[in-house]
Amino acid sequence: MLARRLAPTSTCGRPDTSDLNRLLTTRIGRAACVAKRRPMACESPSGSRHPPYGKLLLAVGTMTAMLAGCVTLPREPAVPSSAIDDAVTVEAPNSRYLPGRNLSPMLQGAIESNRRERDALLRAGDPVDTMPPAHLLAISGGGDSGAFGAGLLVGWTSQGTRPNFKVVTGISAGALIAPFAFLGPRYDGVLRAVGASIGPHDVLHLRGLLAALTGDGYAGNEPLAAIIAKYITSDVLAEIAKQYASGRVLLIGTTNLDARQMVVWDMGAIASRHDERALVLFRKVILASTSVPGLFPPVLIDVEVAGQHYQEMHVDGGVTAQAFLLPSVFVRAIEASGVGHRRERHVYVIRNSRFESESQSTERRATSVARRALDVLIETQGINDVYRIARNSQKDGEDFNVAYIADDFKHGPHADFDAAYMRHLFEYGYDLAARGVAWRKALPRNPWSTEEHFNPQTKPEPVAAAAVRR
């Protein structure tokens, strides 16, 4: 997820807004407190008393709650469930996949990418009987911890062994990094700017209390959209389209809330449309992938079904996955197609987070419990995504590599997009890669496995033997 906490501010005796949930529950909770008890008996968490405005606060709280439950913002009709597979974007048809519903179009896209790659090699006079090694990179979500992945890529350039990736995928914070990881070291300056030079005001602005409760997000995403527009230009799209023509693939994941499905966008196919509408869609997809539901507004994307106009509601790709690559079954299918000769493959996964979480006391309050549970859910999902990619690599005989934030990174609690934290994390990732020690072959112990460490480089155990051992 892009963000889980909001930057703390406290001025002129106003309530601390470091946590919007605290702000909402505090204001409405005080109203209830005043209504039930003597007005002067209600105290804030700091112990200060509040004036006897119980009836007024209760009225405001009640009206706000009613508005939050009754107000619905306008949108165009959602795609009927029977037509989800047939919906196409107006700006760039055939530029996305729904792997949870049908893998065939995505598989065909992978085969076509190899065909484009083979044709490009032929035009260059290179041999195609043995395809060159394929390097695949998956960049996870992680909010402001995406600074780690940005620093790692820049440090990898400095170390001198950063490859030209055949496939790059990005989710959430990884979606901001993926286009520039895809385009290569020329864009390391952008990675440094995005990874180590932005603060909370560059990403979001908090809405007023009433607007937050009656709108579609606690914060506006205009600052984030401005960052995307600044760095995703028509020139960037032209370069991505050029790389797409040579057989390289850039994929970004979003979540279609209406369909409850992950959507994988072929960003090279969008870029290849070469018009302003394609640029708008490209930016929308990245914005959607980084739009934390509830915090940021969702992104509405226009689609058509048999000439009929609809709108899809897209949010953070991290809702459905924290990292992804092509399914394992693709390798054999591509090789069998005749355009993807058996080749050496190297898989790299950047996990912009840790594998072992830090223990923290949880307040006995509904919002704190709910938020902590969501954090645990996201963290567990992210770990499982990496293990899934590793298992697939093991089955396909690929060279697997993973980089993540380890225990040697020491930094205290921080607000979201705290500049100092992001700068330290960027330099941490940079240093690991520059020294050539960022990539690991084995994953930490999975608590659901009897293995102390999982090393995807070892051959998988025969199914029968594995069943007996378990």
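Structure: see above.
What you see is a predicted model; the values in this text were computed from it and never measured. Counting starts from 1 at the beginning of each chain's written sequence and moves along it residue by residue. Reporting in this predicted model follows two pLDDT cut-offs: at least 70 for local features of residues, and 80 or more for side-chain atom pairs to be given and counted; totals over whole chains, interfaces and linings ignore these cut-offs and use all residues. Each side-chain value is worked out from all heavy atoms of the structure, with water and hydrogens disregarded.

## Considering the environment of Trp 265
Phase 1: Numbering of helices and strands runs from the N terminus; a helix is a DSSP stretch of H or I covering at least four residues, while a strand is a stretch of E covering at least two. In this fold, Trp 265 is placed in strand E8 (residues 261-266).
Phase 2: The contact definition used throughout considers only heavy atoms, calling two residues in contact when any of these lie within 4.5 Å. Setting aside chain neighbours within four positions, we find Trp 265 in contact with Thr 89, Ser 95, Arg 96, Leu 250, Leu 251, Ile 252, Thr 254, Ile 270, Leu 281, Val 285, Ile 301 and His 314.

## Quick word on helix H14 (residues 419-434)
Phase 1: How far a helix is expected to stretch is found by multiplying one less than its residue total by 1.5 Å. Across its 16 residues, H14 extends 22 Å between first and last C-alpha, which sits within 8% of the 22 Å expected from 1.5 Å per residue.
Phase 2: Here H14 has its buried residues at Tyr 421, Met 422, Leu 425, Phe 426, Tyr 428, Gly 429, Leu 432 and Ala 433. Seen end-on, H14 carries its buried residues on one side only, within an arc spanning 160 degrees.
Phase 3: Where the residues of H14 are buried, they touch helix H4 (146-159), helix H6 (188-196) and strand E12 (399-404). Each residue gets one of three labels from its accessible area relative to the maximum for its type: buried under 20%, exposed over 50%, partly exposed in between, using a 1.4 Å probe on protein chains only. The directions considered for the arc are those from the helix axis to the C-beta atoms.

## Thoughts on the pattern of salt bridges
Side-chain pairs of opposite charge can arise where the charged atoms are in close proximity.
Phase 1: Each reported salt bridge corresponds to a side-chain nitrogen of Lys or Arg within 4 Å of a carboxyl oxygen of Asp or Glu. The final tally for this structure, using the stated rule, is 14 salt bridges.
Phase 2: In this structure, Glu 312 and Arg 96 form a salt bridge, with 2.7 Å as the shortest nitrogen-oxygen distance. With Glu 312 in strand E10 (residues 308-315) and Arg 96 in strand E2 (residues 96-97), this pair connects stretches of sequence that are 216 residues apart.
Phase 3: Its relative accessible area of 3% is what places Glu 312 among the buried residues.
Phase 4: Classification of Arg 96 by relative accessible area gives buried; the value is 12%.
Phase 5: With its nearest N and O atoms 2.9 Å apart, the salt bridge here joins Arg 162 to Asp 188. Taken together, the residues Arg 162 in the loop between H4 and strand E4 (167-171) and Asp 188 in helix H6 connect sequence positions 26 residues apart. The same class applies to Arg 162 as to Asp 188, namely buried.

## What to know about a negative patch on the surface
Phase 1: Only residues whose relative accessible area exceeds 30% and that take part in no salt bridge are eligible for patches, with like-charged residues grouped when within 9 Å of each other and nonpolar side chains (Val, Leu, Ile, Met, Phe, Trp, Tyr) grouped when within 5 Å. Method for areas: the Shrake-Rupley scheme with a 1.4 Å probe, in which residue coverage is limited to the protein chains shown. Charge counting treats Lys and Arg as positive and Asp and Glu as negative, with His and both chain ends excluded. The atom standing in for a charge is NZ when the residue is Lys, CZ when it is Arg, CG when it is Asp and CD when it is Glu. Taken together, the side chains of Glu 356, Glu 358, Asp 407 and Asp 408 make up a negatively charged region of the molecular surface.
Phase 2: Along the chain, the position of Glu 358 falls in the loop between strand E11 (345-351) and helix H13 (366-396).
Phase 3: Since its relative accessible area comes to 57%, Glu 358 is described here as exposed.

## Focus: the packing of helix H3 (residues 104-123) against helix H12 (residues 329-337)
Phase 1: Axes, fitted as lines to C-alpha atoms, cover a helix only where it is in contact. Angles between the N-to-C directions of the axes lie from 0 to 180 degrees. Between H3 and H12, the shortest axis-to-axis distance is 10 Å and the interhelical angle comes to 50 degrees. Considering their axes alone, H3 and H12 lie oblique with respect to each other. The two elements H3 and H12 cross, and the hand of that crossing is right-handed. Contacts from Met 106, Leu 107, Ala 110, Ile 111 and Asn 114 in H3 reach Phe 330, Ala 333, Ile 334 and Ser 337 in H12.
Phase 2: Polar here means any residue outside two lists: the nonpolar Ala, Val, Leu, Ile, Met, Phe, Trp, Tyr, Cys and Pro, and the charged Asp, Glu, Lys and Arg; Gly therefore counts as polar. Tallied by class, residues from the contact of H3 with H12 come to 7 nonpolar, 2 polar and no charged. Roughly parallel means an angle under 35 degrees; roughly antiparallel, over 145; roughly perpendicular, 65 to 115; everything else is oblique. Put simply, a crossing is left-handed when the front helix is turned counterclockwise from the back one by less than a right angle, and right-handed when it is turned clockwise.

## Examining helix H9 (residues 234-245)
Phase 1: Along its 12 residues, H9 runs 17 Å from first to last C-alpha, staying within 8% of the 16 Å computed at 1.5 Å per residue.
Phase 2: Turning to H9, its buried residues are Val 236, Leu 237, Ile 240, Ala 241 and Tyr 244. Down the axis, H9 shows its buried residues gathered within 140 degrees of arc, on one side only. Projecting away from the buried face of H9 at angles above 90 degrees are the exposed residues Asp 235 and Lys 242.

## Digging into the pairing of E8
Phase 1: Burial analysis of E8 places 6 of its 6 residues in the buried class, the great majority of the element.
Phase 2: Alternating residues of E8 divide into Gln 261, Val 263 and Trp 265 and Met 262, Val 264 and Asp 266, and every residue in both groups is buried.
Phase 3: What makes two strands pair is DSSP finding at least two bridges between them. In the sheet, E2 pairs with E8 via 2 bridges, with the strands oriented antiparallel. Its bridge partner being in E8, Tyr 97 is matched across the sheet by Val 264.
Phase 4: Two strands pair when backbone bridges link them, and strand E7 (residues 249-256) and E8 are joined in this way by 6 bridges, in the antiparallel orientation. Bridging across to E8, Thr 255 finds its partner in Met 262.
Phase 5: Counting the residues that bridge the hairpin from E7 to E8 gives 4 residues, and of these Arg 260 lies at a positive phi of roughly 55 degrees.

## Details of the side chain of Asn 256
Phase 1: By the element assignment, Asn 256 lies in strand E7.
Phase 2: Taking the relative accessible area as the measure of exposure, Asn 256 reaches 4% and is therefore buried.
Phase 3: Not counting the four nearest positions on each side in its chain, Asn 256 is found in contact with Gln 261, Val 263, Glu 312, Met 313 and His 314.

## A closer look at unusual backbone geometry
Phase 1: One non-glycine residue, Arg 260, adopts positive backbone phi at about 55 degrees.
Phase 2: With respect to the helices, strands and loops of the structure, Arg 260 is situated in the loop between E7 and E8.
Phase 3: Here the phi dihedral of His 274 falls at roughly 55 degrees; this positive angle occurs in a residue that is not glycine.
Phase 4: Using a relative accessible area of 58% as the deciding quantity, one classes His 274 as exposed.

Keep in mind that these numbers describe shape and distance, not what the molecule does.
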